[in-house]
Amino acid sequence: MQALLDVILPVFLVVAAGYAATWRGLMGETAVEALMTFAQSIAIPVMLFLALTRLDLGQVFEWRLLASFYTGALGGFLAGLLGTRFLFGRDWEDAVAVGFLCLFSNSVLLGLPISERAYGEPSLVFNYAIISMHAPFCYAVGIMAMEGVRARGAGLLRTSGRVASALIRNPLVIGIGLGALVNLAGITLPGAVMDGAGLLAQAGLPAALFGLGGVLWRYKPEGDFRLIAYAVAVSLLLHPLVTWSMGHLLAVEPAPFRAAVVTAAMAPGINAYLFANMYGRAKRVAASTVLVATCMCVVTAWGWMAVLG
């Protein structure tokens, strides 16, 4: 119970504050979008850049950690895909959209602040290792699957090229890539530059959490309740359970093991809705699942952390 009060609840109170401010009209949609743009396109990429410049890349990119987390992610994707198709009778395109929803945990906006409060800032090196591959991996899986079941339009190869082009323009990917480049090249940046970047980085997570609350205010759970409940269960229970099992099987060390399980236990991120919106499939399910799972994550994340000890 102490972990719930001291670690998880403060994070979700910031989200709730953003939700309440938008609900009461203190923050308009334009202001929320501007705040999220600042957080996701400037402050958090700078935070990831700084993190990558300081990491011991050989130590944190440990294959057992990544195998455990991404096996869990793929397990969530397959459960979402096949369950939506065969349990709920939706077509394959809807099934891929729901599968992506169960694949893409909110590793940055929720995973980082909760892990930091629970285990301290030094523990985040393993979170950063996961995050550095998260968007490219998830989008590659989702796009390949969607284009595979569609088998029309621009075609798999051309669409994959467009996705790769979009990824290299993504601010998060740019921040990660530049940080890794500075690290591997042994470049030393001026102290004033690093201090200024540090000030920007400190604003990233609080601004993003507050903005996330404003974004969630738009989503109203409606219809498809059984499918929404299924997607929430896969995201919050099955995904971290598979990661937990693989971590034990591969004998992952305690610190990276905690990072993998906590990150896997996070609710789906906003990117899951953006993917559904991009293809125009299962949008209502995606939006409602993001909202419901984010609210339920207060309890389920506490449960997983209690199990981790």
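Residues numbered from 1 in each chain as written. Predicted model: local features only at pLDDT ≥ 70, side-chain atom pairs only at ≥ 80, totals over all residues. Heavy atoms only, no water.

Draft legend 1. Focus on unusual backbone geometry. The phi dihedral of A251 is positive, around 55 degrees, even though this residue is not glycine. Among the structural elements, A251 can be located in the loop between α11 (225–249) and α12 (254–264). Taking relative accessible area as the criterion, A251 reaches 46% and is therefore assigned partly exposed. Positive phi values are uncommon outside glycine, yet A282 reaches one of about 50 degrees. Looking at the secondary structure, you find A282 in the loop between α13 (270–279) and α14 (283–308). (Helix = DSSP H or I, 4+ residues; strand = E, 2+ residues; numbered from the N terminus. Buried < 20%, exposed > 50% of the residue type's maximum accessible area, 1.4 Å probe, protein only.)

Draft legend 2. The layout of surface pockets, seen in detail. Considered as a void within the structure, the second largest pocket measures approximately 620 Å³ in volume. For the second largest pocket, the lining is made up of 25 residues, of which M47, E116, E121, L124 and Y128 are closest to its centre. Sorting the residues of the lining of the second largest pocket by element identifies α1 (2–23), α2 (29–54), α6 (111–119), α7 (124–150) and α10 (191–216) as the ones contributing at least two each. For the lining of the second largest pocket, the leading source of residues is α10, giving eight residues. (1 Å grid on protein atoms, 1.4 Å probe; cavity = no way out; pocket = protein on both sides within 12 Å on 5 of 7 lines; lining within 4 Å. Points joined across faces, edges and corners; volume = space filled by probe spheres on them.)

Draft legend 3. Region of interest: empty space enclosed by the protein. Counted according to the given criterion, the structure contains one cavity of 30 Å³ or more. Of the voids in this model, the largest cavity is the one considered here, and its volume is about 30 Å³. If you trace the largest cavity, you find it lined by S115, Y119, S123, N127, A255, R258 and A259. Elements with a contribution of two residues or more to the lining of the largest cavity: α6 and α12.

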